[in-house]
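Observations on chain architecture
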Amino acid sequence: MDAAALVDRIPFASRAGDEPQNVVEVHGVGKKYQRTVALREIELKIRRGEVFGLIGPDGSGKSSLIRAMAGVQQYDAGTIDVFGIRIDSQRSAERVKPRIGLMPQGLGNNLYPELSINENIDYFAGLRLVPQDILRERKEQLLAMTRLAEFRDRPMKQLSGGMKQKLGLVCTLIHQPELVLLDEPTTGVDPVSRREFWSILNDQVHESGMTAIISTAYMDEADYMDRLALLMDGKIISQGSEDTLLKRAPGTIVSYASKNVLLETQRIGRHHRQVQSLGDLVRVFVRDTDPETARECLERIASPDHGVFSTSPPDLEDVVAGLLIDDSAGTTPVTGDGRVDHAAVARPLTCHSDGSASIRADQLVRDFGTFRAVDHVCLEVAAGTIFGLLGSNGAGKTTVIKMLTGLLPPTSGSGSVAGAAIGRASQSIRERIGYMSQSFSLYLDLTAMENLEFYAGVYGLFPTQRSKRIAELVEQVGLQGHQRRLTGDLPMGIRQRLALACALVHRPRVIFLDEPTSGVDVIGRRQFWEILVRLARQDGVAILVTTHYMAEAERCDDLALMYAGRVVASGTPAKLRDQLHRRRGTPLAIATSSPMRSLRLAREHGFPRAAILGRTLRLLTTDIQRDQRRLAELFRDAKIAVTDWRHDDIAMEDVFVDSILTQEESLGQAPGQTFPAAERG
Amino acid sequence: MNFRRVVTLAVKEAREITRDRLLFTLAFLMPPVMMVVIGFGVNTDVREIPIVILDFDRTSSSRELAYKFKDSQYFDFIGYVRHRNEIQRLITDSKARAAIVIPPRFHERLRSGRPAEVQTIIDGAIPARAETVGSYVSAVIASFSQRQVTDHLAFTQGIPPAAATALASPVSLETRFLYNEAMTSLWAIGPGCIMTVLAFIPPIIASVGVVREKECGSIDNVYSSTLTRPEFVLGKLIPYVVISSISFCMLFATTLLVFQVPFRGSPIAFAVTGILYVTCTTLLGMIISFFVRSQIAAVILAVLVTLIPTLQYSGMIVPLSSLSDAGRLQARMLPASYFFEAIQASFLKGTGFVGLASSITALGIYALVLYALCCLKFSKRPKS
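Residues numbered from 1 in each chain as written. Chains lettered and ligands numbered in written order. Predicted model: local features only at pLDDT ≥ 70, side-chain atom pairs only at ≥ 80, totals over all residues. Heavy atoms only, no water.

Some points on the overall build of chain A
- Assigned secondary structure in chain A consists of 23 helices and 28 strands.
- Taking 26 Å as the expected radius of gyration for a compact globule of 681 residues, we find that chain A reaches 25 Å, a close match to that expectation.
- Dimensions of chain A, computed from C-alpha atoms along their principal axes, come out at roughly 75 × 60 × 55 Å.
- Taking the intrachain contacts of chain A between residues at least 6 apart in sequence as the baseline, contacts between residues at least 24 apart amount to 74%. (Helix = DSSP H or I, 4+ residues; strand = E, 2+ residues; numbered from the N terminus. Rg over C-alpha atoms; globule rule 2.2 N^0.38 Å. Contact = heavy atoms within 4.5 Å.)

So, in structure tokens, the structure goes:
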């Protein structure tokens, strides 16, 4: 895949010979902010013409590294050379700035809300002294490519998330930099806009031969990168092309259905360290084996009533989790230390379900002024199940949760939580639910224990009950050994479990979790989900969780995909996939020598929803034989070499993208241009 | 220095300010409002002091003394009281600020040529005002005594009252106040308000203008671009100085039209000084913005750093000449002291360019030094 992609670029040629081959060289770089270490011993070499990715959770040091390379922030140790110039002073940093472009973190944060698209672009061009005639030409070209041209006089504050992000890119590219540094440009953006963003970026890199450094928290975007570095706690834990990274932890993923997923994961967990439960499926990473041996291996240890084994190669997330586990081998496993209350688990899953749902929303609507943040949303969550509310930033997820928890009165519609109607009985609702907000409401200057005691007090637990309950919680979420530490010093993964414990202190029957895993690394996320699954299955708690990680969607029992305030698709993950399969067929992934040209061709010839995913063309087809033949002819005529045809399984993202496109078509809008901008309430 | 970049930045800034409702209000509405609030609030004139009289004598002499108070424009005679306790109660309730107690046999003592005593009771809660009230009371009493003497002389010697007056007080003092003939305090305070308001509003809007970009991250556009530090400071400075100059004109007009303070100097010379002054205070705001990260911190710091020293050391409340050497040095480190000199000279004394030359020079140097400091302090590659 790597080689095929590189043919497509114009690398290594244009520059004079005295310029080094590596655009950026980072050697032994370290950076500290007061107490916290942001970067340690970073080593990187970024080649001309490549798309280089920095992948890591929030707080792993991506921004600090990007800002140090862009010469807009100092670092404490080591050296950074950009275009062969050592960046060690303000003066030397100024020398590289004409040749670089930086798009800082935060959706639209570097743009000016009061200014129109046009004025924003002119400002950036003016700062960069782009000559008027070139500016005019380049602006038209970039606006056309990003499909922003018709909105050029609209103030930036009225743009949707995806449009802000495209405008940010236009502003960063307006002076044709040789090196662009993009800090989390796709965080919080819906998947359709994400795909479009990557297409535009790849197109630019490919056409102009520039170099791009991009950070992201999404593991699945590794597909779009030539090479990447994985960051954790300020360290690079691995780097190289995606293929070479995948080879670091070879093995096979085996997944199968099981009657009692929880017990099964515990059982398998004694033999294999990477076991996950996805709804009714058990997913095991069998290290260092080919599919055949992996099957045999599991046949021996799985419970006799297991479903059919299906195997697949591990994805990057599995590999990274594997590498991290290897790294920390010998340290304590953090959760679920293997002991299971068999009696509890054996109880039927729907023990609490008496036909009425624990959470129910019926035609909920919420307006902010003229802007409809939530548009007739219906959902039902039964006791003992996990319900996932998915969507990009501003899709309305948080507003739905706020209405259900009684923090915000709905404009119209009704709902009930734990048997109490929302709107009227918000006090009684609050006593029955646990709520973990986006920015975990913990006191960072208190220790973990003090936070727990505080919440126990707030919820009115008697002192005698308190210590007993807290001990239970510490055990339940795996906080052993951290009780006496200051919350501010805890790693994100632990902090998030502490926040969960605080939300559980009064034994709520219903819990709401608003983006609980953003900013947490792969391992932390997986451990957190194991806790959630146990809470639902063992204790019969109804859980409503929001996330923008597609990978987490698979772990929910039920899903609702939100887009621009509406639920555009809902059902179990399997049902959603099945529906899409029946409607649109299966995904066909085509690796070609020129992804962008092949995309254009495919779109013009009957595949309007074709997209570039990573460096492969991806489209849905109901008749694989016929379409493969047609496309092969098309590409042959256009002299595009096809290196690989692959039939893929439907991913959750395919479902989401298709639902959004259908929604937009029915509204008669161009994709990704939905209005108005969804501002947070 | 590339002027296209400077203009680009200045234009962007101006657009943002005029379109952002909060900033617009802060920039254009706040100064006149503050001006009126401070101007009418700091009226130090003591007039129409509510006064009561406890008259134990009840004779023509005591009534004559009472009429002296009733006639005075400085006193507002509320009425007679019957008992000492009433005085206490009225003063405690702030219904009266002073009381005059005329003892029994007042008339008799006067007639018999013996000294008579009159007691005054004054609300001492605000010492400066109490002192003024005390002096007014003394003045009324003194004029009453004088009248008694001349009447007595005229009666006993049989001479006309005018001759008796000349005999009784051979030297009479004739006071004339220059520049502020009526001693209206608004004439002194009003123009001072221009200085006070322009001491803290420009720093607030300028520091917020920079810190806002820091807070949301758009400052990175500046950090990562080729805009130089002097260009950045100048580009940010221009729109805020223009806005503050407009404020200056509005405040100038308020002083003339609302406060009705006469202006005797050269308007152009005064405007030049004013623009230099707002340039200085705007630059102060920019320096503040380099030290803080949040808008709220910027506002608080801007007020603390500018407003309080300005009130203390500008010369408006305490004249510079009565400060200690150290105090005077501190005062001279603030732009306000130079501007206040210019205000006094222009409004009441009527000086033109020549008289303001020293203020203009001082403020010009001050602005240049601040500009240089801003350029040095601003870092395009900060520590964090």
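Details of the overall build of chain B
- When helices and strands are counted, chain B shows 15 helices and 4 strands.
- Its C-alpha radius of gyration of 29 Å places chain B more than 25% over the 21 Å reference for a compact globule of 384 residues.
- On the principal axes, the C-alpha backbone points of chain B span a range of 95 × 45 × 40 Å.
- Here chain B holds 384 residues, and 47% of them are scored as buried.
- In chain B, once contacts between residues fewer than 6 apart in sequence are set aside, the share between residues at least 24 apart is 79%.
- On chain B, roughly 18700 Å² of surface is accessible, and the fraction owed to carbon and sulfur atoms is 64%.
- Of the side-chain charges in chain B, 36 are positive and 25 negative, and the distance between the mean point of each set is 8 Å. (Buried < 20%, exposed > 50% of the residue type's maximum accessible area, 1.4 Å probe, protein only. Areas by Shrake-Rupley, 256 points an atom, 1.4 Å probe, with all protein chains shown as cover. Lys, Arg positive; Asp, Glu negative; His and termini not counted. Charge placed at Lys NZ, Arg CZ, Asp CG, Glu CD.)

Observations regarding the environment of Ile-53 of chain B
Residues and elements named next belong to chain B.
- Mapped onto the fold, Ile-53 is located in strand β1 (residues 49-55).
- Ile-53 gets classed as buried once you look at its relative accessible area, which sits at 0%.
- Remark: the alpha-carbon pair of Ile-53 and Ile-121, spanning 68 residues in sequence, is separated by 10.0 Å.
- Among all residues touching Ile-53, those that are not within four sequence positions of it are Ala-66, Phe-69, Phe-77, Gly-79, Tyr-80, Val-81, Ile-100 and Ile-102.

Quick look at the environment of Glu-196 of chain A
All names here are of chain A.
- With respect to the helices and strands, the residue Glu-196 is situated in helix α7 (residues 191-208).
- Look at Glu-196 and you get buried, because its relative accessible area is 15%.
- Distance in space between the C-alpha atoms of Glu-196 and Thr-146 is 8.4 Å, their sequence separation being 50 residues.
- Setting aside residues no more than four positions away along its own chain, Glu-196 makes contact with Thr-146, Arg-147 and Lys-166.
- Engagement of the side chain of Glu-196 in a polar contact is seen with the side chain of Arg-147, the distance being 2.7 Å. (Polar contact = N/O pair within 3.5 Å; in protein donor to acceptor, adjacent residues only side chain to side chain.)

Some remarks on the domain arrangement of chain B
- Here chain B is partitioned into domain 1 (3-43 + 184-377) and domain 2 (49-168).
- Spacing between the C-alpha centres of domain 1 of chain B and domain 2 of chain B amounts to 50 Å. (Domains from an automatic or database assignment.)

Regarding the pattern of salt bridges
- In total, this model carries 62 salt bridges over all chains according to the counting rule given.
- The closest approach of N and O atoms between Arg-537 of chain A and Asp-557 of chain A, which form a salt bridge, is 2.8 Å. Taken together, the positions of Arg-537 of chain A in helix α18 (residues 522-539) and Asp-557 of chain A in the loop between α19 (550-553) and β23 (558-563) put the pair 20 residues apart, joining distant regions of the chain.
- Taking the relative accessible area as the measure of exposure, Asp-557 of chain A reaches 15% and is therefore buried.
- Glu-13 of chain B serves as the salt-bridge partner of Arg-212 of chain B, at 3.5 Å between the closest nitrogen and oxygen. With Arg-212 of chain B in helix α8 (residues 185-216) and Glu-13 of chain B in helix α1 (residues 3-19), this residue pair connects regions lying 199 residues apart in the sequence. (Salt bridge = Lys/Arg side-chain N within 4 Å of Asp/Glu carboxyl O.)

Some thoughts on unusual backbone geometry
Residue and element names in this part refer to chain A.
- Its identity as a non-glycine residue notwithstanding, His-376 has a phi of 45°, on the positive side.
- Within the secondary structure, His-376 is located in strand β16 (residues 371-381).
- Relative accessible area serves as the criterion here: at 42%, His-376 is assigned to the partly exposed category.
- Here the phi dihedral of Ala-418 falls at roughly 50°; this positive angle occurs in a residue that is not glycine.
- Within the secondary structure layout, Ala-418 lies in the loop between β18 (412-417) and β19 (420-421).

Quick look at the packing of aromatic side chains
- This structure, assessed with the given rule, holds 25 aromatic pairs over all chains.
- With a centroid separation of 5.0 Å and an interplanar angle of 90°, the aromatic rings of Phe-263 of chain B and Phe-347 of chain B are classed as edge-to-face. Of this pair, Phe-263 of chain B sits in the loop between α10 (229-257) and α11 (267-289) while Phe-347 of chain B sits in helix α14 (residues 335-349), placing them 84 residues apart in sequence.
- Residues Phe-270 of chain B and Phe-339 of chain B carry aromatic rings whose centres are separated by 5.9 Å and whose planes lie at 10° to one another, so their mutual orientation is stacked. Remark: Phe-339 of chain B occurs in helix α14 and Phe-270 of chain B occurs in helix α11; sequence separation between them is 69 residues. Accessibility classification places Phe-270 of chain B together with Phe-339 of chain B in one group, the buried group.
- Clustering of aromatic rings is evident, with ring pairs tying together Phe-248, Phe-252, Phe-263, Phe-270, Tyr-277, Phe-339 and Phe-347 of chain B.
- Note that Arg-99 of chain A overlies the ring of Phe-83 of chain A, its terminal NZ or CZ placed 3.8 Å from the centroid.
- The ring of Tyr-67 of chain B has Lys-70 of chain B sitting right over it, with the charged end atom 4.6 Å from the ring centre. (Phe/Tyr/Trp six-rings, centres within 6.5 Å; stacked < 30°, edge-to-face > 60°. Lys NZ or Arg CZ within 6 Å of the ring centre and 35° of its normal.)

Some words on the interface of chain B and chain A
- The interface is formed by 30 residues belonging to chain B together with 38 residues belonging to chain A.
- Across the chain B/chain A interface, buried area totals approximately 3000 Å², and carbon plus sulfur atoms make up 50% of it.
- Counting every contact that joins chain B to chain A gives 5 salt bridges.
- Among the ionic pairs, Lys-380 of chain B bridges to Glu-94 of chain A, the shortest N-O distance being 2.8 Å.
- At the boundary of chain B and chain A, one finds 16 residue pairs in polar contact (both at pLDDT 80 or more).
- Mapped onto the side of chain B that touches chain A, the elements with two or more residues apiece are α1, α8 and α9 (219-223) of chain B.
- It is α1 of chain B that provides the largest number of residues to the side of chain B that touches chain A, a total of 8 residues. (Buried area = accessible area lost by both parts, 1.4 Å probe.)

Let's talk about the sheet that holds strand β15 (residues 359-368) of chain A
Residues and elements named next belong to chain A.
- With antiparallel pairing, 4 strands are arranged side by side in an open sheet as β16-β15-β18-β19. The open sheet has two edge strands with one neighbour each: β16 and β19.
- Lying over the sheet, helix α13 (residues 397-404) contacts β15, β16 and β18, oriented at roughly 115° with respect to β15. (Pairing = 2+ DSSP bridges. Axes fitted to C-alpha atoms, helices over the stretch in contact; angles between N-to-C directions.)

As for the pairing of strand β24 (residues 566-571) of chain A
All names here are of chain A.
- As paired strands, β23 and β24 are joined by 5 bridges and run antiparallel to one another. Paired with Tyr-563 across the two strands is Arg-566, which belongs to β24.
- The turn linking β23 back onto β24 is made up of 2 residues, and Ala-564 within it adopts a positive phi angle of 50°.

A short note on helix α15 (residues 353-377) of chain B
Residues and elements named next belong to chain B.
- Spanning 25 residues, α15 covers 34 Å between terminal C-alpha atoms, matching the ideal 36 Å at 1.5 Å per step.
- Along α15, the sharpest change in direction is near 30° and occurs at Ser-359.
- Of the positions making up α15, those classed as buried are Leu-356, Ser-359, Ile-360, Ala-362, Leu-363, Gly-364, Tyr-366, Ala-367, Leu-370, Tyr-371, Cys-374 and Cys-375.
- Elements that come into contact with the buried residues of α15 comprise α10, α11 and α14. (Expected span 1.5 Å × (residues − 1). Bend = angle between axes of the 7 residues up to and from the residue.)

Re the environment of Met-210 of chain A
All names here are of chain A.
- Within the secondary structure, Met-210 sits in the loop between α7 and β8 (211-216).
- For Met-210, a relative accessible area of 3% gives the class buried.
- Once the C-alpha coordinates of Met-210 and Leu-390 are considered, the two residues, 180 residues apart in sequence, prove to be 35 Å apart.
- Ignoring any residue separated from it by four or fewer positions in sequence, one finds Met-210 in contact with Gly-49, Glu-50, Leu-173, Pro-177, Glu-178, Val-180, Gln-204 and Val-205.

Examining empty space enclosed by the protein
Residues and elements named next belong to chain A.
- Overall, the coordinates contain 9 cavities of 30 Å³ or more when judged by the stated rule.
- Lining the largest cavity are 16 residues, and of these Gly-56, Pro-57, Met-219, Asp-521 and Val-522 lie nearest its centre.
- Of all the secondary structure elements, the ones that give two or more residues to the lining of the largest cavity are β9 (227-232), α11 (316-327) and α18.
- Classifying every residue of the lining of the largest cavity by side-chain character gives 12 nonpolar, 1 polar and 3 charged. (1 Å grid on protein atoms, 1.4 Å probe; cavity = no way out; pocket = protein on both sides within 12 Å on 5 of 7 lines; lining within 4 Å. Points joined across faces, edges and corners; volume = space filled by probe spheres on them. Nonpolar A, V, L, I, M, F, W, Y, C, P; charged D, E, K, R; others polar.)

A closer look at the domain arrangement of chain A
- Under the domain assignment, chain A is made up of domain 1 (2-245), domain 2 (250-345), domain 3 (359-571) and domain 4 (577-650).
- The distance between the C-alpha centroids of domain 3 of chain A and domain 4 of chain A comes to 40 Å.

Topic: the side chain of Thr-172 of chain A
Residue and element names in this part refer to chain A.
- Mapped onto the elements of the fold, Thr-172 is located in helix α6 (residues 161-173).
- Exposure remark for Thr-172: the relative accessible area of 4% places this residue in the buried category.
- Excluding residues within four positions of it along the chain, Thr-172 makes contact with Gly-101, Leu-102, Met-103, Pro-177, Val-180 and Leu-182.

Focus: the confidence of the model for chain A
Residue and element names in this part refer to chain A.
- Scored by pLDDT, chain A has a mean of 84; 90% of the residues are at 70 or more.
- Across chain A, the secondary-structure element scoring lowest on mean pLDDT is helix α12 (residues 342-346), at 39, and the one scoring highest is helix α4 (residues 117-127), at 95.
- Note on residues 330-355: pLDDT under 50 across the span, and 29 contacts to partners over four residues away in sequence or across chains.
- Low pLDDT (under 50) marks residues 671-681, which in the prediction has 41 contacts with non-local residues, meaning those over four places away or in another chain. (pLDDT = per-residue confidence, 0-100.)

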